Amino acid sequence: MDTKLITPFKRPDGTLVLAHYYAPKPVQQAADYVADSLELSRFAAQAQAERIVFAGVRFMAETAKLLNPDTEVILPDAESTCSLVDQTDMERLAAWVAQAKARSDKPVAHVSYINSSVAQKALSDWIVTSRNAEDIIGHLIAQGQRVLFSPDRNMGAYFRYLHPDWDLRVWDAVCEVHDAFRERELDQLFKGWTDGPKYLIAHPESPLPLLKRAHLVGSTTKMLEWVNAYQGAGTIYVATEIELVQTMQAARPDLDIRLAAAYTGCQCHACPYMKKNTLAAVQAAVDGRGGLRIDYIDHALATQAREPLFKMLNFNPENQDAKQSCSQC
Ligand code: SF4
């Protein structure tokens, strides 16, 4: 997806419209900037905007507000939540973290995926995205820490599969969109296939049996880059949200790119929360006629939540490697 401005929303000066790759395509086309959650977080942190209208889901708009406390941040639809957030009971999570830290004989780091509430971020030592989670958790494990990873069960299971030696404990919530992909349905798609090679690329929020079969497991940006650079022939099945698959299909009309299959539901693979960002809802938020103003975050909680976020934004895997490999100091 081209991230430059295409057909902008009508908006007053100083208002910036950010859109996630899973937002409806017309909204992406009219937004100022389209990216994955890490890139949007970085962009929001550097933005000099007076207002940000965030065409994503609630935790993303809250993250933008944490990074831009003096900026007005509007979420077009208050119901744009995320199943990973909704499935995480904060009392249970806090008890899990407290118990693990109290009982451990070594340092424990609670690492939260960015798909989390402000309260969860405040309970975390680090925040990660699907793009940097493996690097950051690997860095903490190399320091001799035990890592508690929340909330995504599938992503955590994948890291345990890749690194069986990691001291990693995982919480139990899923993305309802990616968790619906199944190996059995993939086998049915592949069955009897004789017409050229077939590949599977998958987002790490998908179930582990599927991830084990994938040629590439990666964030939205990593999958897009892979597709854009792909030089071969054959069919590429993609286990991720429909909007991103359509972006891939538009970027590479020469390739046969298809959705992987789900075990249940309508097979649309659309995130219902992202789809609440209709053109009308975003324009109403831009005009000040609608949307949820992110002005309810408690100051002390925001201060706590900002700390692990900034740790992530300042994390540089190359610097960490250099620090670890230096034997002189
Ligand atoms: Fe949450 Fe999944 Fe929707 Fe992303 S696609 S916002 S992780 S429910």
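Higher on the page you've got the structure.
All of the points below concern the structure found in this document. (Residues numbered from 1 in each chain as written. Predicted model: local features only at pLDDT ≥ 70, side-chain atom pairs only at ≥ 80, totals over all residues. Heavy atoms only, no water.)

Before going further, it helps to examine the environment of Lys275. Topologically, Lys275 is positioned in the loop between strand 12 (256-259) and helix 13 (279-287). Along the backbone, Lys275 and Ala23 are 252 residues apart, and their C-alpha atoms lie at a distance of 6.0 Å. Contact partners of Lys275, with chain neighbours within four places excluded, come to Tyr22, Pro24, Glu241, Glu243 and Ala270. (Helix = DSSP H or I, 4+ residues; strand = E, 2+ residues; numbered from the N terminus. Contact = heavy atoms within 4.5 Å.)

Given 3.6 residues per helical turn, the α-helix brings residues three or four places apart onto the same face. Those residues of helix 13 not exposed but buried are Ala281, Val282, Gln283, Ala284, Ala285 and Val286. Taken together, the buried residues of helix 13 touch strand 1 (15-20), helix 1 (25-30), strand 3 (51-55) and strand 4 (72-75). Phi for Gly288, located one or two positions after helix 13, is positive at around 80°. (Buried < 20%, exposed > 50% of the residue type's maximum accessible area, 1.4 Å probe, protein only.)

In total, this model carries 2 cavities of 30 Å³ or more according to the counting rule given. As for the largest cavity, its lining consists of 28 residues, of which His20, Tyr22, Met60, Asn115 and Glu205 are closest to the centre. Secondary structure elements with two or more residues in the lining of the largest cavity: helix 2 (37-46) and helix 3 (58-67). Looking at side-chain class alone, the lining of the largest cavity contains 12 nonpolar, 11 polar and 5 charged residues. (1 Å grid on protein atoms, 1.4 Å probe; cavity = no way out; pocket = protein on both sides within 12 Å on 5 of 7 lines; lining within 4 Å. Points joined across faces, edges and corners; volume = space filled by probe spheres on them. Nonpolar A, V, L, I, M, F, W, Y, C, P; charged D, E, K, R; others polar.)

Packing of helix 11 (residues 220-229) against helix 12 (residues 242-251) brings their axes to within 10 Å, and their N-to-C directions diverge by 20°. Here helix 11 is positioned roughly parallel relative to helix 12, judged by the angle of their axes. Both helix 11 and helix 12 take part in a crossing whose hand is right-handed. Every residue of helix 12 that contacts helix 11 at Thr220, Met223, Leu224, Val227 and Asn228 is listed here: Leu244, Thr247, Met248 and Ala251. Partitioning the contact of helix 11 with helix 12 into residue classes produces 6 nonpolar, 3 polar and no charged. (Axes fitted to C-alpha atoms, helices over the stretch in contact; angles between N-to-C directions. Parallel < 35°, antiparallel > 145°, perpendicular 65-115°, else oblique. Left-handed = near helix turned anticlockwise from the far one by under 90°.)

So, on to the layout of surface pockets. As a volume, the largest pocket reaches approximately 220 Å³. Lining the largest pocket are Ser130, Arg131, Glu134, Asp135, Tyr158, Phe159, Leu162, Pro204, Val217, Gly218, Ser219 and Lys222. For the lining of the largest pocket, the secondary-structure elements that each account for two or more residues are helix 7 (133-142) and helix 8 (153-162). Grouping the constituent residues of the lining of the largest pocket by class yields 5 nonpolar, 3 polar and 4 charged. Composition of the lining of the largest pocket by domain shows at least three residues from each of domain 2 (85-175 + 307-319) and domain 3 (178-259). (Domains from an automatic or database assignment.)

Here the focus is the site of the ligand. Neighbouring the ligand are Tyr22, Val57, Cys82, Ser83, Leu84, Asn115, Cys175, Val177, Glu205, Cys271 and Tyr273. Cavity membership is defined here by more than half of the atoms lying within 2 Å of grid points; on that basis the ligand lies in the largest cavity. Class assignment for the residues of the shell around the ligand results in 8 nonpolar, 2 polar and 1 charged. (Near = heavy atom within 4 Å. Sits in = over half its atoms within 2 Å of the grid points.)

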